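This is what each chain is made of:
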Amino acid sequence: KYLQDPLVSKECKDLMSTLSKNRGWVLPVMYNYQGFWHSISHLQGVLSFQKHFPAQDTDIFVVTAPKSGTTWLKAISFAILNRTSYPITSGDHPLLKTNSHELVPFVEDIYADNPNPDFSSMPPPRLFATHVSHVSLPESVHVSKCKIVYMCRNPKDLFVSAFHFTNKLRLEHMGVNSIEEMFDLFCKGVSLYGPYWDQVLGYWNESLQRPKQVLFLKYEEMKEHPGTELRKLAEFYGCPITPKEEEEGIVDAILRLCSFETLSNLEVNKNGTLTTGLSNQAYFRRGEIGDWKNHLTAEMVEQLDMITEDKFHGSGLTF
Ligand code: A3P
């Protein structure tokens, strides 16, 4: 399904004809809308999301660029927010049977299929995910008090992860992309929902201006100080870890449940597929910091570091 053309509205078709195009990482073409690159189905989804999404002040959005650790952040957020209904250590926690992408769907994917989805059965706080850049969020989100958690990742690891992931998505007859080709595109900003740095900066700046609304996290900090970051998340979501929960060891229990080791070894994630047809396994590769050292040449590292330094110069953001 993820490779099929979606039902594209006339509005989307008209718009597409006016947008800059470039080659895609999986599908042949990507379109630049509001400064960011989208595949055709994402473009349709973003347009519908912008036009029809009725935000509520209690909504929560988990936002990332693809391959920043979305699967992990979705799992942790779901576990934190639903810990009363779904006790973490119960043997039938939803995360043991269902991939986090099904539990916390991408809102633009929902809108790509249906311009008027029914969210009425979702009790507040509604938890959504998106890869959409800050500038392209619906106006209803901008004017609401909803909370946004953005997680970024070191661009070198993110690129390597995206390179492997997108090659897995390509059908056999499409052949595989070379790392050199994809590196070149990535550096030019041509990646899904990219330019990566522009997306990061959009949310970073927003987190500085509206810290109560936007929490900015880093994959690397989540790996290095997971307990601290998890407590920060729970606090931000308005459901801090209580002293009693601390005593019971809930932080470690959530981290264990959502760990790469636990999730990647579950039957559902080894052999299951998403409703999009994608294999759950594709979302779990190594889950480590620094795998770029095994894939990038010294020249690539220098080039990427220079771009990152240049783009983030003066922002206070470092990697
Ligand atoms: P690698 O390809 O570097 O291994 P996303 O979820 O945004 O698609 O990102 C996928 C990346 O997050 C992959 O990185 C994947 O292995 C890693 N990942 C998935 N689940 C994880 C977890 N529970 N903990 C840490 N990393 C995880």
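This section reports on the structure supplied with the text.

The rules behind these values
- Residues numbered from 1 in each chain as written.
- Predicted model: local features only at pLDDT ≥ 70, side-chain atom pairs only at ≥ 80, totals over all residues.
- Heavy atoms only, no water.
- Helix = DSSP H or I, 4+ residues; strand = E, 2+ residues; numbered from the N terminus.
- Salt bridge = Lys/Arg side-chain N within 4 Å of Asp/Glu carboxyl O.
- Buried < 20%, exposed > 50% of the residue type's maximum accessible area, 1.4 Å probe, protein only.
- Pairing = 2+ DSSP bridges.
- Axes fitted to C-alpha atoms, helices over the stretch in contact; angles between N-to-C directions.
- Contact = heavy atoms within 4.5 Å.
- Near = heavy atom within 4 Å.
- Polar contact = N/O pair within 3.5 Å; in protein donor to acceptor, adjacent residues only side chain to side chain.
- Areas by Shrake-Rupley, 256 points an atom, 1.4 Å probe, with all protein chains shown as cover.
- Nonpolar A, V, L, I, M, F, W, Y, C, P; charged D, E, K, R; others polar.

**A short note on the environment of Phe165**
Right, on to step 1. Within the secondary structure layout, Phe165 lies in helix 7 (residues 155-169).
Right, on to step 2. Sequence spacing of Phe165 and Arg153 is 12 residues, and the spatial spacing of their C-alpha atoms is 15 Å.

**What about unusual backbone geometry?**
Right, on to step 1. Here the amide bond leading from Pro124 into Pro125 is cis, since omega sits at -5 degrees, within 30 degrees of zero.
Right, on to step 2. For Pro125, the position within the fold is in the loop between helix 5 (107-113) and strand 5 (127-130).
Right, on to step 3. Despite not being glycine, Lys67 has its phi angle at roughly 80 degrees, a positive value.
Right, on to step 4. Examined against the element boundaries, Lys67 turns out to sit in the loop between strand 4 (60-64) and helix 3 (70-81).

**Focus: the pattern of salt bridges**
Once the charged atoms of two side chains with opposite charge are near each other, the side chains can pair.
Right, on to step 1. In total, this model carries 15 salt bridges according to the counting rule given.
Right, on to step 2. Where Asp14 meets Lys10, a salt bridge forms, and the shortest distance between an N and an O atom there is 2.7 Å. Taken together, the residues span about one helical turn, with Asp14 and Lys10 both in helix 1 (residues 10-16) at a distance of 4 residues.
Right, on to step 3. On the accessibility criterion, Asp14 (39% relative accessible area) is partly exposed.
Right, on to step 4. In this structure, Arg286 and Glu288 form a salt bridge, with 3.2 Å as the shortest nitrogen-oxygen distance.
Right, on to step 5. Given a relative accessible area of 37%, Arg286 falls into the partly exposed group.

**Let's talk about the sheet that holds strand 3 (residues 36-38)**
Right, on to step 1. Ordered by their spatial adjacency, 3 strands build an open sheet running 1-2-3, and the pairing between neighbours is antiparallel. Of all strands in the sheet, those with a lone pairing partner are strand 1 (20-23) and strand 3, marking the two edges. Each strand of the sheet is rotated relative to its neighbour by a mean of 35 degrees, with strand direction disregarded.
Right, on to step 2. Relative to strand 3, strand 2 (residues 29-33) runs antiparallel, the two sharing 3 bridges. Its bridge partner lying in strand 3, Tyr31 is registered against His38.
Right, on to step 3. Of the strands in this sheet, strand 2 and strand 3 touch helix 2 (residues 40-52), which is tilted by about 30 degrees from strand 2.

**A word on the site of the ligand**
Right, on to step 1. Surveying the vicinity of the ligand reveals 17 residues, the closest of which are Lys67, Thr70, Thr71, Ser161 and Arg286.
Right, on to step 2. With respect to the ligand, the side chain of Thr71 contributes an N or O atom lying 2.5 Å from an oxygen atom.
Right, on to step 3. Cys258 has a polar backbone atom sitting 2.9 Å from a nitrogen atom of the ligand.
Right, on to step 4. Within the complex, 98% of the 560 Å² of free accessible area of the ligand lies under protein.
Right, on to step 5. Element by element, the count of residues in the shell around the ligand is highest for helix 3, at 3 residues.
Right, on to step 6. Looking at the shell around the ligand residue by residue, the classes come out as 6 nonpolar, 7 polar and 4 charged.

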